[in-house]
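Structure at a glance
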Amino acid sequence: GGGGDSGGMTPAMDNSSSNKRSFGQHCNAIISFVMKQKNTLIRFVMAISLIFVGGFMIKLFSSAAVVDSSAHVELNTSHSYNPDKMHFEDANTQGGDDDDNVVKEPPHGWQTFGFLQIREHFSCDVFDYLLFKPPSMKVWQMILDAYNKEVDSSYKFDEIVPPTHGYLFGRNGEEAPPFYAKSIEGTNRNRGLFASRDIQEGEVVHDGTNSDVAFPDAMAYRRFVFSLPRRAACDITEWTWTQRLEQNGPMKIMLAINISAMLSTWQSTGFTSEDANVLPEPESEGSTSHLYYATRDIKRGEEILTDSTFRDWTNFAATDLGM
């Protein structure tokens, strides 16, 4: 339109130029005033003062310019996992630095790391797990992707029951196990499993026969853990146990890639073996079973607890993953 053309200059640019002209005019007027002073000492003091004031004003203008330009920056808040770049972010995992969600180069000599060395490398004991929620589907998928890439490409989640609800459970093959995962406030357990309905004594509460995974060897476990970002790696070490899958068979490194991994176990979680309400089949302490039975009636909403004897870190020495 006529008269409205500013030669391609936007209103923002026009205001900026106007401000610069105004600032320059003020400077010229002040310098002229200083030079008119007859006393040399007064001129010197005023000149020094102006240098300090001028420096402050320039910094102020520079800061304003930076703030103004940032107003046009749009942040990408999408969440993604790229197996090639090995970077994962998710809003569900709060607490800690973003650095905890980035996969880093494995440390020198990782091929011989023992279980506790792995935890020490990731500084797992200083994590504030009280801030952690049960993993989201994105986190479980990231863990599965790493497991498929480093250990077994054929393992998949159930199509009917997602890992956020467990796995395919029950004789009709269309239901989740009778528990759910949630954060626990006011305890040092951070997350746990709770009965989603009343459970009768003797009833099967957890069956990991098809959902638990056994690592072929210690090296496969190391590859898997070091392909994860720190937060997920520490979770995995929290959820790993050892077990023989057949009487007198080799000790295996075990993991569940679903919420059953959060079955609260060992003594440091603040309960005793007498508090356990689910246990494996009574085949002595070296049970080879994936089945956990209710040892008493469990009310809906009650926490599912098992004896640490059956998922014991001290057996890692027998898996070539030394402590």
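Residues numbered from 1 in each chain as written. Predicted model: local features only at pLDDT ≥ 70, side-chain atom pairs only at ≥ 80, totals over all residues. Heavy atoms only, no water.

Focus: the overall build of the protein chain
In plain terms, the rule: Strands are runs of DSSP state E lasting at least two residues, helices are runs of H or I lasting at least four, and both sets are numbered from the N terminus onward. Surface exposure here means Shrake-Rupley accessible area, sampled with a 1.4 Å probe, where a residue is shielded only by the protein chains that are shown.
Counting its regular elements, the protein chain contains six helices and ten strands. Summed over all atoms, the accessible surface of the protein chain reaches about 18500 Å², with 54% contributed by carbon and sulfur.

Comments concerning helix 4 (residues 137-150)
Residues three or four positions apart in an α-helix share a direction because the helix packs 3.6 residues into each turn. What counts here: What a helix is expected to span follows from its residue count: subtract one and scale by 1.5 Å. Buried residues are those whose accessible area, probed at 1.4 Å on protein chains only, stays under 20% of the maximum for their type, while exposed residues exceed 50% and partly exposed ones sit between those limits.
With 14 residues, helix 4 extends 20 Å between its outermost C-alpha atoms, agreeing within 8% with the 20 Å of an ideal straight helix rising 1.5 Å per residue. Buried residues of helix 4: Val 139, Trp 140, Met 142, Ile 143, Leu 144, Ala 146, Tyr 147, Asn 148 and Glu 150, and no others.

Considering unusual backbone geometry
For Ser 123, which is not a glycine, the phi torsion comes out positive at approximately 50°. Locating Ser 123 in the fold gives a position in the loop between helix 3 (115-121) and helix 4. Given a relative accessible area of 33%, Ser 123 falls into the partly exposed group. With a phi angle near 70°, Asp 320 is a residue other than glycine that sits in the positive phi range. Of note, Asp 320 is situated in the segment after strand 10 (291-294).

Here we look at the side chain of Asn 101
Put simply, the rule reads: Identification of polar contacts relies on pairs of N or O atoms within 3.5 Å, with a donor-acceptor requirement for protein atoms, meaning one able to donate a hydrogen and the other able to accept it, and with residues adjacent in sequence counted only if both atoms are side-chain atoms.
In this structure, Asn 101 sits in the loop between strand 2 (87-88) and helix 3. Classification of Asn 101 by relative accessible area gives buried; the value is 8%. Of the polar contacts made by the side chain of Asn 101, one reaches the side chain of Arg 231; its length is 3.3 Å.

Considering the nonpolar core
What tends to happen in soluble globular proteins is that the nonpolar side chains get buried as a cluster. Under the convention used in this document: By nonpolar core is meant a set of buried Ala, Val, Leu, Ile, Met, Phe, Trp, Tyr and Cys residues that side-chain atoms within 4.5 Å join together. In what follows, a contact means two residues having at least one pair of non-hydrogen atoms within 4.5 Å.
Ile 143, Phe 215, Tyr 221, Phe 224, Ile 236, Ile 257 and Ile 304 are the most contacted members of the largest nonpolar core, which totals 56 residues. The leading source of residues in this core is helix 4, at seven residues. The residues touching Phe 215, leaving out its near neighbours within four places in the chain, are Tyr 147, Val 151, Ala 220, Tyr 221, Phe 224, Lys 252, Ile 253 and Leu 255.

Topic: the sheet that holds strand 5 (residues 204-207)
For clarity, the threshold we go by: A pair of strands is labelled paired if DSSP reports no fewer than 2 bridges between them. Each axis is a line fitted through C-alpha atoms, taken for helices only over the stretch in contact, and angles between the N-to-C directions span 0 to 180 degrees.
Overall, antiparallel pairing links the three strands, which are arranged 5-10-9 in an open sheet. What marks the edges here is a single partner per strand, and that holds for strand 5 and strand 9 (278-280). Taking the axes of each pair of neighbouring strands and ignoring which way they run, one obtains an average angle of 30° across the sheet. Bridging between strand 5 and strand 10 involves three bridges; their strand directions are antiparallel. Opposite Val 204, over in strand 10, you have Tyr 293 as the bridge partner.

Topic: the packing of aromatic side chains
Note the cut-off: The aromatic pairing rule takes the rings of Phe, Tyr and Trp, using the six-membered ring of Trp, and pairs them if the centres are within 6.5 Å, calling planes under 30 degrees apart stacked, those over 60 edge-to-face and the rest tilted. Distance and angle both matter: a charge sits over a ring if NZ of Lys or CZ of Arg is within 6 Å of the ring centre and within 35 degrees of the ring normal.
Going through the model one piece at a time under the given rule, you end up with twelve aromatic pairs. Ring centres of Phe 115 and Phe 316 lie 4.1 Å apart, and the angle between their planes is 10°; on these two criteria the pair is classed as stacked. Residue Phe 115 is located in helix 3, and its partner Phe 316 is located in the segment after strand 10; the two are separated by 201 residues in the primary sequence. In this structure, Phe 115 and Phe 316 share a single accessibility class: buried. Among the aromatic residues, those joined into a cluster by ring pairs are Tyr 147, Tyr 155, Phe 215, Tyr 221 and Phe 224. Cation over ring: Lys 182 sits above Phe 194, and NZ or CZ is 4.7 Å from the ring centre.

Some details on the sheet that holds strand 7 (residues 241-244)
The strand order across the open sheet formed by three strands is 6-8-7, and the pairing between neighbours is antiparallel. Two strands bound the open sheet, and with one partner strand each, they are strand 6 (212-215) and strand 7. Direction aside, the axes of adjacent strands within the sheet are offset by 45° on average. Bridge analysis of strand 6 against strand 8 (residues 251-256) gives four bridges, and the strand direction is antiparallel. Note that in strand 8 the partner of Phe 215 across the bridge is Ile 253.

So, the environment of Phe 224
Within the secondary structure, Phe 224 sits in helix 5 (residues 218-226). Assessed through its relative accessible area of 0%, Phe 224 is described here as buried. Between the C-alpha atom of Phe 224 and that of Ile 236, which follows or precedes it by twelve residues, the distance is 9.6 Å. With near-sequence residues (within four places) excluded, Phe 224 lies in contact with Ile 143, Ala 146, Tyr 147, Glu 150, Val 151, Phe 215, Ile 236 and Leu 255.

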